[in-house]
Amino acid sequence: MTDPGPLGPFPEAPGYANAVAADAADALASYRSRFAISDPGVIYLDGNSLGRLPNATARHLEDVVAREWGENLIASWGDRWWTLGRTVGDLIAPLIGAEPGSVVVADSTSVGLFKLAWAALRTLPRRPLIITDDLNFPTDLYVLEAAGEAAAGRDVIVVPSVDGVSAPEDAIIGALDERTALVSLSHVAFKSGYLYDMDRITHAAHEVGALVLWDLSHSAGVVPVDLAGVDLAVGCTYKYLNGGPGSPAFVYVNPGLEIENPLAGWWGHANPFGFETAFASADSIARFQTGTMPILSLTAIEPAIRLTAEAGIQAIRMKSVQLTTYLMELATEILGPLGFALASPTDSDRRGSHVAIRHADAWRITQAMIHEGRIVPDFREPDNIRLGVAPLYTRFVDIHTAVNRIAYLMTGGIVDGYSNGRSAVT
Ligand SMILES: Cc1ncc(COP(=O)(O)O)c(C=O)c1O
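Before going into details, it helps to say that this report is about the structure given with it.

In terms of residue burial, strand β3 (residues 129-133) counts as a mostly covered element, since 5 of its 5 residues are buried. When β3 meets strand β4 (residues 155-159), the two strands line up parallel, connected through 5 bridges. Across the sheet, Asp133 pairs through a bridge with Val159, a residue of β4. A crossover links β3 with its parallel partner β4, the connecting element being helix α6 (residues 138-150), and its sense is right-handed. Looking at chain direction, β3 and strand β5 (residues 180-186) are connected through 3 bridges and run parallel. In the sheet register, Ile131 faces β5, and the bridge partner there is Val183.

Structure (structure tokens):
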């Protein structure tokens, strides 16, 4: 291993020139300069958890705060804010293959999921089963359970994955029958990055008359999605869509589906400023709003989505596949002999934009990476280190440097200085 000196890049390590050449040939390379990068020495591989701040967002927020809030005050509700959830929904729609008017931004992913799941269950009152799997994000499992109780008498079947990496797609399809009301899965699994065959599962669910609800949190903005035949979807905006911490989630409802928001509120009313005592649902996607929007967080998403749209979702996906493939190759070659194993699909058609690597000492390796390696990954219990690549700002040379730095931390005894005791936010 080449001595990296102060943990810089590793120009003498094998493959460095290839990484530099891949960056030079990268059609998306210039997008990196559109993000706030305060310390270029830090390799940020956590865009799958919280995307970086686009420079345009900082400027936009300053303007919204000073002008729309500071000067225009309440007039801004009428000027722009009241319809902003739908405006931003329409910006997201082309990125997820949805029609204009079918997406609205409101609430968190968990709340959106609850609304859609409960709404779906109410349309199929005699079907007792909800099908999901154990690769799904825990909030999804909790929400499905709660929606099942709210809709009365529904059970959640959690189909197990055989290896914790690949989804049990055949077993999910095998579990479907005329008792199934809803199939709800994450399009990309939060831990392993497994990318589901959305068409296949949606089709199988429809064959038995069930509805399908996809969580696009780990695919929106990085994997092209086509919701044309899908019933329902939700997704967060703070990962690859770079909407900022706590930015609200989007919900999609197929325009052909007659379905009502079970959490009725005045923002979903047909005539909200009539202040009528009885609820009457708006006939647009606005009906899936409930209460007042977090306007500052909502408006922060706008420039970020425009950036993604400008780069183009197909180009983003192409680079994402190249980056994750490169990362898996280097991890196998350099980290394999150091006790790491890959915990993500090797087939790029079945992989989203992060790669999980496993190690018995994953916790303390993660701590050493953050505090001494100047690499930001995240840790997922019990032994996964997730390395997310965000094609708008992750470079090939970042991957080369990160893998070589991890090897240096392991072989240089640096990891040994950390313990495996956990802290609260991982
Ligand atoms: C797949 C998935 N769904 C849902 C959530 C939770 O979303 P929220 O906290 O916005 O409710 C996450 C969070 O990371 C996630 O990865």
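The environment of the ligand is made up of Ser108, Thr109, Ser110, Phe137, Thr139, Asp140, Ser186, Asp215, Ser217, His218, Tyr238 and Lys239. A distance of 3.0 Å separates an oxygen atom of the ligand from a polar side-chain atom of His218. Within the contact set of the ligand, an oxygen atom lies 2.7 Å away from a side-chain nitrogen or oxygen of Lys239. When the ligand sits alone it has 400 Å² of accessible area, and the protein chains cover 83% of it. Counting residues per element, the ones that place at least two in the shell around the ligand are α5 (109-123) and α6. Across the shell around the ligand, the residue classes tally to 2 nonpolar, 7 polar and 3 charged.

Moving on: the sheet that holds strand β13 (residues 384-388). Strand order in the open sheet formed by 4 strands is β9-β10-β13-β12, with antiparallel pairing between adjacent strands. Strands with a single pairing partner mark the edges of an open sheet, and in this sheet they are β9 (341-342) and β12 (378-380). In terms of strand pairing, β12 meets β13 through 3 bridges, oriented antiparallel. Bridge pairing in β13 links Arg380 to Asn384. Here helix α11 (residues 362-371) sits on the sheet and contacts β12 and β13; the angle it forms with β13, its principal contact strand, is near 40°.

Residues Ile96, Tyr196, Trp214, Leu216, Leu227 and Phe250 are the most contacted members of the largest nonpolar core, which totals 46 residues. Sorting the residues of this core by element identifies α4 (84-92), β2 (103-105), β5, α8 (198-207), β6 (211-215), β8 (250-253) and α9 (295-311) as the ones contributing at least two each. Apart from residues no more than four positions distant in its own chain, Ile96 is found in contact with Val103, Leu216, Ala220, Val225, Asp226, Leu227 and Phe250. With 36 residues, the next largest nonpolar core counts Ala19, Leu45, Ala368 and Phe396 among its residues.

As a further point, take the side chain of Asp378. For Asp378, the location among the structural elements is in strand β12. For Asp378, a relative accessible area of 4% puts it in the buried group. Within the structure, Asp378 has its side chain in polar contact with the side chain of Ser49 (distance 3.2 Å). Engagement of the side chain of Asp378 in a polar contact is seen with the side chain of Arg386, the distance being 2.7 Å.

Tallied over the full model, the rule gives 17 salt bridges. With its nearest N and O atoms 3.8 Å apart, the salt bridge here joins Glu68 to Arg67. By relative accessible area, which is 6% here, Glu68 ends up buried. According to the relative accessible area criterion, Arg67 is partly exposed, its value standing at 34%. A salt bridge links Asp378 to Arg386; the nearest nitrogen and oxygen atoms lie 2.7 Å apart. Of the two residues examined, Asp378 and Arg386, each falls in the buried class.

Right, let's talk about the environment of Thr394 for a bit. With respect to the secondary-structure elements, Thr394 resides in the loop between β13 and α12 (396-411). On the basis of relative accessible area, Thr394 is assigned to the buried category, the value being 1%. For Thr394, the residues in contact, after removing those within four places along its chain, are Tyr44, Leu45, Lys319, Leu323, Val389 and Ile399.

Reading the values: rules and limits
- Residue numbers here run from 1 along each chain, matching the order of that chain's written sequence.
- Totals for whole chains, interfaces and linings use every residue, but because this is a predicted model, local features are given only for residues with pLDDT of at least 70 and side-chain atom pairs only at 80 or more, for both listing and counting.
- Each side-chain value is derived from all of the structure's non-hydrogen atoms; neither hydrogens nor water enter the calculation.
- Here's how the labels work: a residue is buried when its accessible area is under 20% of the maximum for its type, exposed when over 50%, partly exposed in between, all with a 1.4 Å probe on protein chains only.
- Each helix is a run of DSSP H or I of at least 4 residues and each strand a run of E of at least 2, with the numbering of both proceeding from the N terminus.
- Between any two strands, at least two bridges found by DSSP are needed for them to pair.
- Note on handedness: a crossover is taken as right-handed if, strands pointing away from the viewer, the path from the first strand over the helix to the second is clockwise.
- Summary of the distance rule: residues count as near a molecule or strand when at least one heavy atom falls within 4 Å of that molecule or strand.
- Here a polar contact is recorded for every N or O atom pair within 3.5 Å, except that within protein the pair must consist of a potential hydrogen donor and a potential acceptor, and residues adjacent in sequence are included only if both atoms are side-chain atoms.
- Note that accessible areas follow from Shrake-Rupley with a 1.4 Å probe, and for residues the cover is restricted to the protein chains shown.
- Note on residue categories: nonpolar means Ala, Val, Leu, Ile, Met, Phe, Trp, Tyr, Cys or Pro, charged means Asp, Glu, Lys or Arg, and polar means any other residue, Gly included.
- Here, two residues are considered to be in contact whenever any of their heavy atoms come within 4.5 Å of each other.
- Lines fitted to C-alpha atoms define the axes, with helix axes restricted to the stretch in contact, and inter-axis angles between N-to-C directions lie between 0 and 180 degrees.
- In this description, a nonpolar core means a group of buried Ala, Val, Leu, Ile, Met, Phe, Trp, Tyr and Cys residues linked to one another through side-chain atoms lying within 4.5 Å.
- The rule for a salt bridge is simple: a side-chain nitrogen of Lys or Arg has to be within 4 Å of a carboxyl oxygen of Asp or Glu.

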